[in-house]
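In case you want the letters, here they are:
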Amino acid sequence: MASNHSLDAWVEESARLTRPKDIHWCDGSEAEVDRLIGLMLDQGDLVRLSETRHPNCYLHRSHPTDVSRTEHLTFICAARPEDVGPTNNWMDPQKARTEVGRLFDGAMRGRTMYVVPYLMGPAGSAHSRVGVEITDSPYVVANMRIMTRMGRVALDHLKNAGEFSPGLHSLGDLSPDRRFIVHFPEERLIWSIGSGYGGNALLGKKCFALRIASWIARQQGWLAEHMLILGLEDPEGRVTYMAAAFPSACGKTNLAMLASPLAHLGYKVWTVGDDIAWMRVGPDGRLWAINPEAGFFGVAPGTNSQSNPNAIAALNKNSIFTNVGLTPDLRPWWEGISEPLPAGTIDWRGRSADPNGADPVAHPNARYTAPARQCPSISPEWESPEGVPISAILFGGRRRRVAPLVYQSFDWPHGVFVGASMASETTAAATGQVGVTRRDPMAMLPFCGYNMGDYFGHWLSVGARMARPPLIFHVNWFRQSAAGIFLWPGFGENVRVLRWILDRVRGGGEARETEIGYVPTPAALDLDGLGIPPETVRAALEVDRESWVAEISEQREFFQKFGDRTPARIWEEHRRLAARLKCAVDAPPAASRAD
Ligand code: TSX
Ligand code: MN
């Protein structure tokens, strides 16, 4: 990792390469961001939203070809291709230096270079890490100021920590042909050019807090995960913390901010984080988690006062909206905002929206950037330097058939296998192709900075070091009947599932042992006032043997992708599952590793 005294040298070297007209060191102050916003308003990069309805809020429209992460242009530049594995793109570090370096040559000519020191994690926490992003995009600076702790606090932390992760970003010419997001994990270095989009350009988030951090975490024995963190408060006021990983389109942010219909009984959800968790084994043998971020970069479409009232409250001021529609009275609008489209609304491309047209008004990946502290459900512990102790880990997916509403793994290694086997069916919003099953282990497929076979092994080894490991569960809010009707109401009602998980953590909660794990008995779930027929609940909890037998062979095919990097224990769990299902499997590949 670059050390403190080399920060100036690295900034100078970057300026020599990119040739900006001037250099601005960001202090993170309000005056500074106000000036930048003024600049962007003047240049037409931002539109000011209604001062009465959305004070200090802005709309940004990105280039129409630059609206989401570009995985095929994202590379890990480690020395050896086998160390990044088959699910990452590899580029030779020397080749990346030369070829991507060439694109940075003069890339900031005529523009200001912003130096953005930022802290991932709470101020004063031993678990926090410093990054420095150099960028020529004021939009990136304004977003980083919401998503991280930026400026002085980061430089102060750097004085003690002595090392930081350098990230160089330039918009370049925004051409997808000259767009690269490259990571040099051995040097903790990130280069991103040709995109202004969040996941490609806000380097603290996916690039540092997940791809680079997962590499560091493996070396140092901790976990950098794509997980929300929530606290479930019980009627006695005790709070139990849970972390959860879901692929996209499963409503991760909605769960993190769940508004509990059982609040009258004393069950309430507190939000610690909605996207990333850094977790380490504490001196007490428990797993402790911090949220390295300071804001939410959430998908806007589908967010409304029913699906996520806390997000709606969080984004009403001091927020940036990207690629949403704009109503005539200067409010943001998106599909699923639960308000009819006002006449005269402008779509995300700046054209007048056609209420009967096929084009969406907001881009399906339109975002809000909102400060976490504005969320009404934000946990009092969300900036605790030690983090919060995790009692349960939830893995999930969107499955119409296979996975029951909830089940508990037999133990940690079986739970790691459950997370490694995670899969989700695609929705129209994401791909245009509906119902295709995608494997996405621990929801880390696009974000694990090293070989995922080794990653499974790392999870197994962290578990072995814990005296009191979290219990591991799998949830599926999306099970359907044969007629295609959702069997579970989801959203706030998911607190009933969290309650059963809490009961299990405390050694209670009735369950039956099945082939796949412990499944609640229907009576063990509090269904009071839900009005769901008992047979529907039974169907949501059913373990359908036929679909699990099909699942076995799909899992096998997936784990074979990683060759001898798939730990022997993962194959052992796979074999045991098949045996419990009384389903014949071939022996695993002979050369699998014993960890
Ligand atoms: O976010 C969702 N969650 C998690 C909430 C804490 N969504 C939206 C997914 C897209 C991001 C859900 N959609 C959930 C859910 O639990 N469940 C469903 C499926 C569903 C949709 C509509 C209904 C029920 C289930 N409507 C009625 O039952 C009336
Ligand atoms: Mn995410």
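Structural notes, computed from the coordinates. Within each chain, residues carry numbers counting from 1 in the order of the written sequence. Chain letters and ligand numbers both follow the written order, the letters beginning at A and the numbers at 1. Reporting in this predicted model follows two pLDDT cut-offs: at least 70 for local features of residues, and 80 or more for side-chain atom pairs to be given and counted; totals over whole chains, interfaces and linings ignore these cut-offs and use all residues. To get the side-chain values, all heavy atoms of the structure are used, and hydrogens and water are removed first.

### Quick notes on the pattern of salt bridges
Under the convention used in this document: The salt bridge definition used is simple: a Lys or Arg side-chain nitrogen within 4 Å of an Asp or Glu carboxyl oxygen. Put simply, DSSP H or I for four residues or longer makes a helix, DSSP E for two residues or longer makes a strand, and each gets a number counted from the N terminus.
With the rule as written, the count across this model stands at 40 salt bridges. Its salt-bridge partner being Arg331, residue Asp329 comes within 3.0 Å of it at the nearest N-O pair. Note that Arg576 is salt-bridged to Glu572, the shortest N-O span being 2.9 Å. Of this pair, Arg576 and Glu572 both sit in helix H16 (residues 568-580), separated by 4 residues, roughly a single helical turn. The network of salt bridges with shared partners includes Arg80, Glu82, Asp83, Arg218, Asp454 and Arg565.

### A word on the coordination of the manganese ion (ligand 2)
Octahedral six-donor coordination of a metal ideally yields angles of 90 or 180 degrees, compared with 109.5 degrees for tetrahedral four-donor coordination. Rules: Any N, O or S atom lying within 2.8 Å of the metal counts as a donor, and for Na, K and Ca the limit rises to 3.2 Å; water is left out, so some sites can look incomplete. Remark: exposure states derive from per-residue accessible area (1.4 Å probe, protein chains only) relative to the maximum for the residue type, with buried under 20%, exposed over 50%, and partly exposed in between.
Coordination of the manganese ion (ligand 2) by the protein is provided by Lys206 (NZ), His226 (NE2) and Asp275 (OD), with metal-donor distances spanning 2.2 Å. Each donor residue of the manganese ion (ligand 2) lies on the same chain, and together they follow the pattern K-x19-H-x48-D. Remark: Asp275 occurs in the loop between strand S16 (268-273) and strand S17 (277-281) and His226 occurs in the loop between strand S13 (223-225) and strand S14 (228-233); sequence separation between them is 49 residues. Using a relative accessible area of 10% as the deciding quantity, one classes Asp275 as buried.

### So, the site of ligand 1
Formally: Distances are taken per atom, and a residue is near a molecule or strand as soon as one of its heavy atoms is within 4 Å of it. Whenever two N or O atoms come within 3.5 Å, that pair is a polar contact, provided that in protein one can donate a hydrogen and the other can accept it, and provided that, for residues adjacent in sequence, both atoms are side-chain atoms. Shrake-Rupley sampling with a 1.4 Å probe provides the accessible areas, and residues are treated as covered by the protein chains on show and by no other component. When residues are grouped by polarity, Ala, Val, Leu, Ile, Met, Phe, Trp, Tyr, Cys and Pro land in nonpolar, Asp, Glu, Lys and Arg in charged, and all others, Gly among them, in polar.
As a matter of local geometry, ligand 1 sits amid 14 residues, with Gly251, Asn254, Gly490, Phe491 and Asn494 nearest to it. Here Asn254 contributes a side-chain N or O atom positioned 2.8 Å from an oxygen atom of ligand 1. At 2.9 Å from an oxygen atom of ligand 1 is found a main-chain nitrogen or oxygen belonging to Phe491. In isolation ligand 1 offers 640 Å² of accessible surface; the protein chains occlude 65% of this area. Within the shell around ligand 1, the residues separate by chemical class into 9 nonpolar, 4 polar and 1 charged.

Nothing here speaks to function; it is all geometry.
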